[in-house]
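A look at the structure
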Amino acid sequence: QVQLVESGGGLVQPGGSLRLSCVGSGRILRFDAMGWSRQAPGKERELVASFTRSGTINYADSVKGRFTISRDNAKNTVYLQMNSLKPEDTAVYYCNVEKFYTRDKYWGQGTQVTVSS
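Structural notes, computed from the coordinates. (Residues numbered from 1 in each chain as written. Predicted model: local features only at pLDDT ≥ 70, side-chain atom pairs only at ≥ 80, totals over all residues. Heavy atoms only, no water.)

What follows covers the overall build of the protein chain. Scanning the protein chain from N- to C-terminus turns up 0 helices and 11 strands. Secondary structure elements of the protein chain, listed N to C terminal, follow the sequence β-β-β-β-β-β-β-β-β-β-β. Over its C-alpha atoms the protein chain spans a radius of gyration of 14 Å, differing by no more than 12% from the 13 Å that the globule rule assigns to 117 residues. Structurally, the protein chain occupies a C-alpha span of about 45 × 25 × 25 Å along its principal axes. In the protein chain, 56% of the contacts between residues at least 6 apart in sequence involve partners at least 24 apart. Approximately 6,300 Å² of the protein chain is accessible, and the part contributed by carbon and sulfur atoms is 48%. Counting 15 positive and 10 negative side-chain charges, the protein chain places the averaged centre of each group 5 Å from the other. (Helix = DSSP H or I, 4+ residues; strand = E, 2+ residues; numbered from the N terminus. Rg over C-alpha atoms; globule rule 2.2 N^0.38 Å. Contact = heavy atoms within 4.5 Å. Areas by Shrake-Rupley, 256 points an atom, 1.4 Å probe, with all protein chains shown as cover. Lys, Arg positive; Asp, Glu negative; His and termini not counted. Charge placed at Lys NZ, Arg CZ, Asp CG, Glu CD.)

On to the state of the cysteines, then. Inspection of the entire model under this criterion finds 1 disulfide. Between the sulfur atoms of Cys22 and its disulfide partner Cys95 the distance amounts to 2.1 Å. The sign of the S-S torsion, about -80 degrees, decides the handedness of the disulfide formed by Cys22 and Cys95: left-handed. With Cys22 in strand β3 (residues 18–26) and Cys95 in strand β9 (residues 91–98), this pair connects stretches of sequence that are 73 residues apart. By the burial criterion, Cys22 is buried, and Cys95 matches it. (Disulfide = S-S within 2.5 Å. Buried < 20%, exposed > 50% of the residue type's maximum accessible area, 1.4 Å probe, protein only.)

Structure follows, in structure tokens:
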């Protein structure tokens, strides 16, 4: 079992920055996929950024050049640095882990990010 806890969300003005953190408990291997998704009101959940099981990094086109994903395997933690935030980035951001061998997927409870003046 894996449990994930996100933090770092909040209210920020357009153009501002936030750094989200997600700490996992349980057995998380360095080659397990980890990433961030988001869901805005009335919209489907979408992938924002992720480390794949092969170690590559993917970003949604809408965040390329503004968001950076990183991970600290020793701390079972994945981060999302968000710069140049826009109102359309407003959403609940969810951390997830997909286990390399079983493909089991785990989600955190989400953290709200609101970009507004």
